[in-house]
Amino acid sequence: MIDATKSCTKTFYKTLNSCLTANIPTLDHIVSKQVAPKASSSSVAQYTPVNDNIRYLLYNYDNLAYISTLHCQPSVSATFTRIMCDIAADIRDKRDADIVVKTGSDIWISARKSKSRVLFAVVLQKSIHYISVVEDIRKLSLHLFNKAYFSEC
C-alpha cells in the first residue's frame, strides 16, 4: 500500500516501472485468462486479427491500457516474450520507432512506437519476406486502429 499523505519520489516511480515492466507478460496472461471467458462474442470479434498468422499486443503508456491477441496462440512462447521485452527496452526512450526482427525459427516480431503507444506484432507465417511483413503490419495498424495511433515510420 502507498501512504497517500507522503509524496512519491522519482526512485519510487523507477522501482514501480521496472517491477511492472518485468511482470507485464505475466500480467497479460493472468488478465487474459480472467477476461476471455467473460468476453461477449461481439468484443471477441472486434479484436480478431486481420490474418490468422498475426498476433499483436497494443500497449498505451499514458493510461496503461492494452489490447492483446497473443494469448490466443500457444506458439507465442516465452522466448518471443523475452525478445519483445528487449525490444521494448530499446525503444522506451524514443518518441517514434519501428523495429522488425526475424527469429531463428522463421517468426517475425515487429514493434512500432508512436508517442506513448506501442504495437507488438508476431507474424507466425513461415517463409515470408521482410517487405510482406512490413505491409502486413501496416495493414494491421490501419485495420485495427484506423490511423489514429501511429504515424507512418
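As shown above, the structure is provided for reference.
As the structure is a computational prediction, the values presented were derived from the model and not from experiment.

Focus on the overall build of the chain
Thought 1: When its secondary structure is counted, the chain shows four helices and five strands.
Thought 2: Taken from the N to the C terminus, the helices and strands of the chain come in the order α-α-β-β-α-β-β-β-α.
Thought 3: Relative to all contacts within the chain whose residues are 6 or more apart in sequence, the contacts with residues 24 or more apart total 48%.
Thought 4: Accessible surface computed for the chain: about 9800 Å², of which carbon and sulfur atoms make up 56%.

Considerations on the environment of threonine 81
Thought 1: Residue position: threonine 81 is located in helix α3 (residues 78–91).
Thought 2: In this structure threonine 81 comes out as partly exposed when scored by relative accessible area, which is 22%.

Details of α3
Thought 1: For α3, with 14 residues, the first-to-last C-alpha span of 20 Å sits near the 20 Å given by 1.5 Å per residue.
Thought 2: Turning to α3, its buried residues are Phe80, Met84, Ile87, Ala88 and Ile91. Along α3, the residues classed as buried sweep out an arc of 105° about the axis, all on the same side. More than 90 degrees from the buried face of α3, the exposed residues found are Arg82 and Asp90.
Thought 3: Buried residues along α3 sit against β3 (96–102), β4 (108–114) and β5 (117–123).

Here we look at the sheet that holds strand β1 (residues 54–60)
Thought 1: Taken in spatial order, the five strands of this open sheet run β2-β1-β5-β4-β3, and their pairing is antiparallel. Two strands close off the open sheet at either side, each with one partner strand: β2 (65–68) and β3. This sheet shows a mean twist of 10° between the axes of neighbouring strands, independent of strand direction.
Thought 2: Where β1 meets β5, seven bridges bridge the pair, whose relative direction is antiparallel. Bridged to tyrosine 59 within β5 is valine 118.
Thought 3: Packed on one face of the sheet, α3 meets β3, β4 and β5 and runs near 30° to β4.

Some remarks on the nonpolar core
Thought 1: Core analysis: the largest hydrophobic core is formed by 16 residues, its most contacted members being Met84, Ile87, Ile91, Ile109, Phe120 and Val122.
Thought 2: Elements that contribute at least two residues to this core include exactly β1, α3, β4 and β5.
Thought 3: At five residues, α3 tops the list of elements feeding residues into this core.
Thought 4: Each residue touching isoleucine 91, except ones within four places of it in the same chain, is listed here: Ala97, Ile99, Ala111, Lys113 and Val118.

As for unusual backbone geometry
Thought 1: Positive phi, close to 65°, is recorded for aspartate 106, a residue that is not glycine.
Thought 2: If you trace the backbone, aspartate 106 turns up in the loop between β3 and β4.
Thought 3: Phi is positive for serine 127, which is not a glycine, with a value near 55°.
Thought 4: For serine 127, the position within the fold is in the loop between β5 and α4 (130–145).

With respect to the packing of aromatic side chains
Thought 1: The full count for this structure, using the stated rule, is two aromatic pairs.
Thought 2: Aromatic side chains tyrosine 59 and tyrosine 61 sit 4.9 Å apart centroid to centroid with 85° between the ring planes, which places their arrangement in the edge-to-face category.
Thought 3: Residue tyrosine 59 is classed as buried on the basis of its relative accessible area, which comes to 14%.
Thought 4: Residue classification places tyrosine 61 among the partly exposed positions, given a relative accessible area of 31%.
Thought 5: Aromatic pair tryptophan 108 and tyrosine 130: ring centres 6.2 Å apart, planes at 50°, arrangement tilted. Highlighted residues: tryptophan 108 in strand β4 and tyrosine 130 in helix α4, separated in sequence by 22 residues.
Thought 6: For tryptophan 108, a relative accessible area of 9% translates into the label buried.
Thought 7: Exposure remark for tyrosine 130: the relative accessible area of 46% places this residue in the partly exposed category.

Rules used in this analysis
- Residues numbered from 1 in each chain as written.
- Predicted model: local features only at pLDDT ≥ 70, side-chain atom pairs only at ≥ 80, totals over all residues.
- Heavy atoms only, no water.
- Helix = DSSP H or I, 4+ residues; strand = E, 2+ residues; numbered from the N terminus.
- Contact = heavy atoms within 4.5 Å.
- Areas by Shrake-Rupley, 256 points an atom, 1.4 Å probe, with all protein chains shown as cover.
- Buried < 20%, exposed > 50% of the residue type's maximum accessible area, 1.4 Å probe, protein only.
- Expected span 1.5 Å × (residues − 1).
- Arc of directions from axis to C-beta.
- Pairing = 2+ DSSP bridges.
- Axes fitted to C-alpha atoms, helices over the stretch in contact; angles between N-to-C directions.
- Core = buried A, V, L, I, M, F, W, Y, C linked by side-chain atoms within 4.5 Å.
- Phe/Tyr/Trp six-rings, centres within 6.5 Å; stacked < 30°, edge-to-face > 60°.

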